[in-house]
Amino acid sequence: MSGDRIPTSILSRNPALLKLDLYCKGARLDESCYIEGDGGRKILRTRAGLGSGLELILPGGLWTNVPVTEPFAQRSPYQIHRTPGGYFVRHDGEDVAQVQLSPRPEWYDSQTETGKPMTRIGTLQGTYLGIYQAKVCEYWTGPKKSNCKFCSVGLNLGVDDANEKSVSEVMEVVRRARDESGITYVDFNTGHYDGDTYLDILEPYLVRIKKELGLLVGFQTPPHRDLRRYDALREMGLNRVSFCFEIFDRDTFKDVCPGKDKEYGLDYYLEAVRYCAALGRKGPRHEPWVTNGEIIAGLEPPESSIRAIDWVTSMGAIPTVCVFRPLVGTDLQDAEPPKTSEMVPVFRRLYEACMERGLPIGCAPNVHVSLVMLPEECRALSPRRFPVHRMKLAAMATAFRYQFRRRTERASAQAHAS
Ligand code: SF4
């Protein structure tokens, strides 16, 4: 690797490295591309504050979301081409991989019974359904704006997302996504609301989805001030909680996330991760439980991201690591995206730390995530093999699939009977 340029021959043999390099460098869309006409997904601006981009499937079944609208992507060595044989990613003018467009489902063109476009209720992110619930994060409103500097939620809400989403509207979209896109997991994401109302807002959706469909459900919200609320949610069948503390370095956290710093503080985010990770030992055994601590790599030194990964995994939680994307219109729009060479050690550590701690990665049925590198996808970045834990993970994945099938069949049978 010279500088941050990776030889095309290496990229074409390592789709995980390609996925990571595309996050860092983005790609230019050649004029030959006809994304929506070829059944691909529209480039939406809202991704719960994380990014915009083109949804693609790389070799090896790696789903991704490639930056294409930001200025840095216009300087990228990557270009996406359409040929009679399909879509190709080219790197420095050479084909590096044939890719598929992530399929645009028919329900994307439908409306709810109340007349709202279904994509304003939820969108597919990889193979799961992501729903940014309720009104805009209150760090964006009020007399003293204190939004996270990388975030675009307050710029875009009301453009790509609907402000009000009733339980029945959400259920309509979840059903269509399950029937037509085969989703197994629904992820709800909220910002901060005064009075810590986010869990109260989300609970009715959890109850209905579990009762009527039995799908996996996760919440990504700020850490509720009463942590016992998570015991109750675990009992109700919630499968995942995710706390986005974003940055482990305290000074950078204060600077980049002023609202989170003032309202909760980094220590409280970490306490929520610790508390919820311990709930894995409680609650219904047939419902898998995962606690995620989410960080954005590229906003602090790689060593600090690695310290965050080591801390989160030491608690029995699984890190979610995004690659910083300087989104147009955000406070950090002029910042540079991180260098791939600095990101490789971070994502290698993500895989190795999860494996060393024996964490259950890659076990959920049919969950492919486009916005981040999943820990199991980073295997190709590490020379270490972990044969014993890999065998355990394969057994866990089989058990999860079986439990999931039973749960969804039971929910359907009950829904038909009532
Ligand atoms: S908490 Fe920060 S990242 Fe989340 S929606 Fe609010 S401003 Fe955006």
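Residues numbered from 1 in each chain as written. Predicted model: local features only at pLDDT ≥ 70, side-chain atom pairs only at ≥ 80, totals over all residues. Heavy atoms only, no water.

> Tell me about the pattern of salt bridges, residues and numbers included.
Applying the stated criterion across every chain, the model contains 33 salt bridges. A salt bridge links Arg41 to Glu55; its shortest N-O distance comes to 3.1 Å. Here Arg41 is found in the loop between strand 1 (28–29) and strand 2 (54–58), whereas its partner Glu55 is found in strand 2, with 14 residues between them in sequence. Among the salt bridges present, the one from Glu271 reaches Arg274, with a minimum N-O distance of 2.6 Å. Remark: Arg274 and Glu271 occur in helix 10 (residues 266–278); sequence separation between them is 3 residues, near one turn of the helix. Taking relative accessible area as the criterion, Glu271 reaches 28% and is therefore assigned partly exposed. Within the structure, one salt-bridge network assembled from shared partners comprises Asp310, Arg349, Glu352, Glu356 and Arg384. (Salt bridge = Lys/Arg side-chain N within 4 Å of Asp/Glu carboxyl O. Helix = DSSP H or I, 4+ residues; strand = E, 2+ residues; numbered from the N terminus. Buried < 20%, exposed > 50% of the residue type's maximum accessible area, 1.4 Å probe, protein only.)

> I'd like a description of unusual backbone geometry, backed by residues and values.
A negative phi angle characterises most non-glycine residues, just as the trans form characterises most peptide bonds. For Asp92, which is not glycine, the phi dihedral falls at a positive 50°. Counting through the fold element by element, Asp92 comes out in the loop between strand 5 (86–91) and strand 6 (94–101). Classification of Asp92 as partly exposed rests on a relative accessible area of 41%. Located in the positive-phi region is Asn366, a residue other than glycine, with phi close to 50°. Summarising the element assignment, Asn366 is placed in the loop between helix 12 (340–356) and helix 13 (387–417). The partly exposed category is assigned to Asn366, whose relative accessible area is 34%.

> Any chance you could break down the packing of aromatic side chains for me, citing the residues and the numbers?
Per the stated rule, a full pass over the model turns up 10 aromatic pairs. Ring geometry for Trp107 against Tyr108: centres 4.8 Å apart, planes inclined by 70°, an arrangement best described as edge-to-face. Relative accessible area serves as the criterion here: at 0%, Trp107 is assigned to the buried category. Seen from their ring centres, Phe188 and Tyr205 are 5.4 Å apart, and the 40° between their planes marks the pair as tilted. Of this pair, Phe188 sits in strand 9 (residues 185–189) while Tyr205 sits in helix 6 (residues 198–212); the two residues are 17 residues apart in sequence, bridging distant segments of the chain. Summarising the burial analysis for this pair, Phe188 and Tyr205 share the class buried. Three or more aromatic residues joined by ring pairs form one cluster here, namely Phe188, Tyr205 and Phe219. (Phe/Tyr/Trp six-rings, centres within 6.5 Å; stacked < 30°, edge-to-face > 60°.)

> Go over helix 13 with me, naming the residues and quoting the values.
The end-to-end C-alpha distance of helix 13 is 45 Å, a good match for the 45 Å that 31 residues give at a rise of 1.5 Å each. Along helix 13, the positions that sit buried rather than exposed are His389, Leu393, Ala397, Phe404, Arg407, Thr408 and Ala411. The elements touched by buried residues of helix 13 are helix 6, strand 10 (216–220) and helix 12. (Expected span 1.5 Å × (residues − 1). Contact = heavy atoms within 4.5 Å.)

> I'd like a description of the packing of helix 11 (residues 302–314) against helix 12, backed by residues and values.
With their axes 9 Å apart at the nearest point, helix 11 and helix 12 run at an angle of 10° to one another. With respect to helix 12, the element helix 11 is oriented roughly parallel. Packed against helix 11, whose contacting residues are Pro302, Ser305, Ile306, Ile309, Asp310 and Thr313, the element helix 12 presents Glu342, Pro345, Val346, Arg349, Leu350, Ala353 and Cys354 at the interface. A breakdown of the residues in the contact of helix 11 with helix 12 according to their chemical character gives 8 nonpolar, 2 polar and 3 charged. (Axes fitted to C-alpha atoms, helices over the stretch in contact; angles between N-to-C directions. Parallel < 35°, antiparallel > 145°, perpendicular 65-115°, else oblique. Nonpolar A, V, L, I, M, F, W, Y, C, P; charged D, E, K, R; others polar.)

> Describe the sheet that holds strand 9, listing the residues and the values that go with them.
Pairing between sheet strands relies on hydrogen bonds along the backbone, with the strands arranged either parallel or antiparallel. A sheet is described by the order of its strands in space; here 7 strands give the open sequence 7-8-9-10-11-12-13, paired in mixed fashion. The open sheet is flanked by strand 7 (123–125) and strand 13 (318–323), the only strands paired with a single partner. Averaged over all pairs of adjacent strands, the angle between their axes in this sheet comes to 30°, without regard to strand direction. With 6 bridges joining them, strand 12 (residues 290–297) and strand 13 adopt parallel strand pairing. Across the sheet, Ile296 pairs through a bridge with Cys322, a residue of strand 13. Against the sheet, helix 10 engages strand 11 (240–246) and strand 12, with an angle of about 155° to strand 11. (Pairing = 2+ DSSP bridges.)

> If you had to explain the environment of Ala272 to someone new, which residues and values would you point to?
For Ala272, the position within the fold is in helix 10. Overall, the relative accessible area of 0% leaves Ala272 in the buried class. In sequence terms Ala272 and Pro222 are 50 residues apart; their C-alpha atoms lie 9.3 Å from each other. Not counting residues up to four positions away in its chain, the partners in contact with Ala272 are Pro223, Leu227 and Phe243.

> Tell me about the environment of Lys145, and please be specific about residues and values.
Following the sequence through the fold, Lys145 ends up in the loop between strand 8 (128–132) and helix 4 (153–156). Residue Lys145 is classed as partly exposed on the basis of its relative accessible area of 47%. For the pair formed by Lys145 and Pro258, sequence separation is 113 residues and the distance between their alpha carbons is 9.2 Å.

> Kindly report on the site of the ligand, identifying the contributing residues and their values.
Within the structure, the ligand sits among Tyr132, Cys137, Tyr139, Trp140, Asn147, Cys148, Phe150, Cys151 and Lys260. In terms of residue class, the shell around the ligand is made up of 7 nonpolar, 1 polar and 1 charged. (Near = heavy atom within 4 Å.)

> Can you lay out the packing of helix 2 (residues 15–25) against helix 12 for me, pointing to particular residues and giving the numbers?
Orientation of helix 2 relative to helix 12, taken along the N-to-C sense of each, is 130°, at an axis distance of 10 Å. Considered as vectors, helix 2 and helix 12 are oriented oblique to each other. Relative to helix 12, helix 2 is oriented so that their crossing is right-handed. Packed against helix 2, whose contacting residues are Leu17, Leu20, Asp21, Cys24 and Lys25, the element helix 12 presents Thr340, Met343, Val344 and Phe347 at the interface. Its residues assigned to classes, the contact of helix 2 with helix 12 comprises 6 nonpolar, 1 polar and 2 charged. (Left-handed = near helix turned anticlockwise from the far one by under 90°.)

Any link to function would need more than the numbers given here.
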